[in-house]
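Letter by letter, the chains look like this.
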Amino acid sequence: MAKSLELSLTDSFTRSLACAAITPGLRSILLFDSSLEVLELAAQITAEMLEVVVGYPVRTVYLSTFEAEDNLWGGWELATQSQKQLLQWKPGLLANDSEFRLVIIPDLTKLSLPAARACVVLMGADVAHLERHGQQTQ
């Protein structure tokens, strides 16, 4: 059985994660002074709980110190297809509207400026509109 399932709901930390998973207004969680192991375990538990709540898989995304606008929102890239060079749109970590995402930030103090701006825009928002390089999505 998964390590996360070994934790009981009587644990106040696990109970807090469950409350955040079922209440959209509480879905922003900030952990102080936690090790990477604790953060990854909390992410796994939260992702499993969110999958039960929303009814489909949750993709875990890690934001770090080097995230650029194209990494976050998407951009054009060259793709080789039948010996031809074609441009194709590659969605970013935050831009694919067909997936539910759990965003993990291992070190908030070292977050890149574009990622920090994205957090400010998305924090507490039900939907974000993306208009970038001719692409429009929400």
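Source: prediction; values computed, not measured. (Residues numbered from 1 in each chain as written. Predicted model: local features only at pLDDT ≥ 70, side-chain atom pairs only at ≥ 80, totals over all residues. Heavy atoms only, no water.)

Considering the environment of W76
Following the sequence through the fold, W76 ends up in strand β2 (residues 74–81). When sequence neighbours within four positions are dropped, the list of residues in contact with W76 reads L87, Q88, W89, H133 and Q135. (Helix = DSSP H or I, 4+ residues; strand = E, 2+ residues; numbered from the N terminus. Contact = heavy atoms within 4.5 Å.)

Digging into the pattern of salt bridges
Under the defined criterion, the tally for this structure stands at 2 salt bridges. A salt bridge links E69 to R117; the nearest nitrogen and oxygen atoms lie 2.1 Å apart. With a gap of 48 residues between them, E69 in helix α3 (residues 69–73) and R117 in helix α4 (residues 113–122) connect regions that are remote in the sequence. Overall, E69 belongs to the partly exposed group, its relative accessible area being 24%. The exposure class of R117 is partly exposed, given its relative accessible area of 41%. Between D107 and K110 there is a salt bridge, with the nearest N and O atoms lying 3.9 Å from each other. Take D107: its relative accessible area is 33%, and that puts it in the partly exposed class. (Salt bridge = Lys/Arg side-chain N within 4 Å of Asp/Glu carboxyl O. Buried < 20%, exposed > 50% of the residue type's maximum accessible area, 1.4 Å probe, protein only.)

Points about helix α1 (residues 12–22)
For α1, the complete set of buried residues consists of T14, L17, A20 and A21. All buried residues of α1 fall inside an arc of 120 degrees around its axis, so they share one side. Along its buried surface, α1 packs onto α2 (36–54). (Arc of directions from axis to C-beta.)

Considering a nonpolar patch on the surface
A grouping of L30, F32 and L108 is seen on the molecular surface, where their side chains present a nonpolar patch of about 370 Å² in accessible area. Turning to its location among the elements, L108 is positioned in the loop between β4 (100–104) and α4. (Patch = residues over 30% accessible without salt bridge, like charges linked within 9 Å, V, L, I, M, F, W, Y side chains within 5 Å. Areas by Shrake-Rupley, 256 points an atom, 1.4 Å probe, with all protein chains shown as cover.)

So, the packing of aromatic side chains
Each aromatic ring pair is described using two quantities: the centre-to-centre distance and the angle formed by the ring planes. For the structure shown, the criterion picks out 1 aromatic pair. A centroid spacing of 6.5 Å and a plane angle of 75 degrees characterise the contact between Y56 and F100, whose relative ring orientation is edge-to-face. Within this pair, whereas Y56 is found in the loop between α2 and β1 (58–62), its partner F100 is found in strand β4, the two being separated by 44 residues in sequence. (Phe/Tyr/Trp six-rings, centres within 6.5 Å; stacked < 30°, edge-to-face > 60°.)

Considerations on the confidence of the model for the chain
Looking at the chain, the pLDDT average stands at 79 and 88% of residues meet or exceed 70. This stretch, residues 1–9, has a pLDDT under 50; its non-local contacts, to residues over four places away or in other chains, come to 17 contacts. (pLDDT = per-residue confidence, 0-100.)

Quick look at α2
Across its 19 residues, α2 extends 26 Å between first and last C-alpha, which sits within 8% of the 27 Å expected from 1.5 Å per residue. For α2, the set of buried residues is L39, A42, A43, I45, T46, A47, M49 and L50. Structurally, α2 contributes buried residues whose contacts are with α1, β1 and β4. Phi turns positive, to about 85 degrees, at G55, one or two residues after α2. (Expected span 1.5 Å × (residues − 1).)

A word on the packing of α1 against α2
In a packed pair of helices, the relevant descriptors are the angle between the two axes and the axis-to-axis distance. α2 packs onto α1 with a crossing angle of 40 degrees between their chain directions and a minimal axis gap of 9 Å. On the basis of their axis angle, the class for α1 and α2 is oblique. As α1 packs across α2, the resulting crossing turns out to be right-handed. Counting all contacts with α1, which are made through F13, T14, L17, A18, A21 and I22, the residues of α2 involved are A42, I45, T46, M49, L50 and V53. (Axes fitted to C-alpha atoms, helices over the stretch in contact; angles between N-to-C directions. Parallel < 35°, antiparallel > 145°, perpendicular 65-115°, else oblique. Left-handed = near helix turned anticlockwise from the far one by under 90°.)

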